[in-house]
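# Descriptive analysis of the structure
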Amino acid sequence: MKKESIVAKKKFGQNFLKDENVLRKIVEAMPKNDNKIVEIGPGLGDLTKFLVDVKSVEAFEVDTDLCKLLQSTFKKEIATKRLHIHCGDVLKAWQSELVDEPYDLVANLPYYIATNIILKALADPMCKNILVMVQLEVAEKFCAKVGEKVFGSLGIITQSVGSSHIVVKVPPSAFDPQPKIDSAVFLIQKDKDRSDKSFEDMLRVAFTQPRKTLMKNLSQKYEKNLLQEVFAAQELVSTIRPHQVSTSDYHQLYKLINKGSLDGRRETGNTKK
Ligand code: SAM
């Protein structure tokens, strides 16, 4: 199959990045290290071409037509083991270890599963850095700082393992076919591994109603008396909203709430899912 005869499949979130300036900016923003690269959704291989020039790449592509095209485009790189193409759904491959050595994720992600992929990469101890293109709104959530309206679980989980910033905003005209939304490339540099399901569960409760107070949200799951004590110990006013509390304060809250619960107080048990 020739590149020109490929028709983009909506169900796989195929919007191919055509703007060479953006492709170059992605490569320039890559952290300098010896890590392998994992590319999810190489598509027609436009970004892959730049990546294999710099490093060896493990690429995961779900679309069998594109897999065939990539296998013929990159014959030489595959033969020299510079590139390895895994054909199939990356989320299935990720049910066990994705790659058994340190890697950086560099990709123009399929938007319909982008958040899921980034959360998996954040929790994966082998993943050291994440440089990805996603919908602008999603990038802003992962890069949000305390006090910003969009600061929520995604920003807190990100700040718990490292730092993040937006590299470049990308208009629909950079793609073929053009998406209806703006996009952005952003970078997360991980400097620690901290994946804690029950901390993330607390965040989910903290942001159930983002415009209500943090106290009101948390009291769905934890005893009010305990929360009042913990808020007082941390000098948090009871009217504070969830987006106004910093990542380190959330970690401290989590510690104190758990300690309080262990000291004999119980969860209220009426969590809304
Ligand atoms: N990297 C290419 C580019 O920049 O032009 C294509 C990016 S396109 C937005 C997303 C790619 O992810 C498509 O090639 C699509 O087939 C692939 N994809 C979608 N779902 C996938 C999945 N579950 N596992 C692996 N690849 C997937």
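Predicted, not measured: the structure shown is a model, and the values here were computed from it.

Criteria and thresholds
- Residues numbered from 1 in each chain as written.
- Predicted model: local features only at pLDDT ≥ 70, side-chain atom pairs only at ≥ 80, totals over all residues.
- Heavy atoms only, no water.
- Domains from an automatic or database assignment.
- Buried area = accessible area lost by both parts, 1.4 Å probe.
- Salt bridge = Lys/Arg side-chain N within 4 Å of Asp/Glu carboxyl O.
- Polar contact = N/O pair within 3.5 Å; in protein donor to acceptor, adjacent residues only side chain to side chain.
- Nonpolar A, V, L, I, M, F, W, Y, C, P; charged D, E, K, R; others polar.
- 1 Å grid on protein atoms, 1.4 Å probe; cavity = no way out; pocket = protein on both sides within 12 Å on 5 of 7 lines; lining within 4 Å.
- Points joined across faces, edges and corners; volume = space filled by probe spheres on them.
- Helix = DSSP H or I, 4+ residues; strand = E, 2+ residues; numbered from the N terminus.
- Near = heavy atom within 4 Å.
- Sits in = over half its atoms within 2 Å of the grid points.

## Re the domain arrangement of the protein
- What the domain assignment lists for the protein is domain 1 (3–190) and domain 2 (197–262).
- Once you take the C-alpha centre of each, domain 1 and domain 2 turn out to be 33 Å apart.
- Carbon and sulfur atoms supply 64% of the area that domain 1 and domain 2 bury against each other, a total of about 920 Å² over both sides.
- There are zero salt bridges connecting domain 1 and domain 2.
- In this structure, the connection of domain 1 to domain 2 is made through four residue pairs in polar contact (both at pLDDT 80 or more).
- Its residues assigned to classes, the side of domain 1 that touches domain 2 shows four nonpolar, five polar and two charged.

## Considering the layout of surface pockets
- The computed volume of the largest pocket comes to approximately 390 Å³.
- Contributions of two or more residues to the lining of the largest pocket are made by strand E1 (16–17), strand E2 (36–40), helix H2 (46–54) and strand E3 (57–61).
- Its residues placed into classes, the lining of the largest pocket shows 18 nonpolar, eight polar and four charged.
- Considered as a void within the structure, the second largest pocket measures approximately 270 Å³ in volume.

## Some points on the site of the ligand
- Among the 23 residues in the neighbourhood of the ligand, the closest are listed as Leu17, Gly41, Glu61, Asn108 and Tyr112.
- Within the contact set of the ligand, an oxygen atom lies 3.4 Å away from a backbone nitrogen or oxygen of Gly43.
- More than half of the atoms of the ligand fall within 2 Å of the grid points belonging to the largest pocket.
- Of all the secondary-structure elements, those providing two or more residues to the shell around the ligand are E1 and E3.
- The residue makeup of the shell around the ligand, split by class, is 12 nonpolar, seven polar and four charged.

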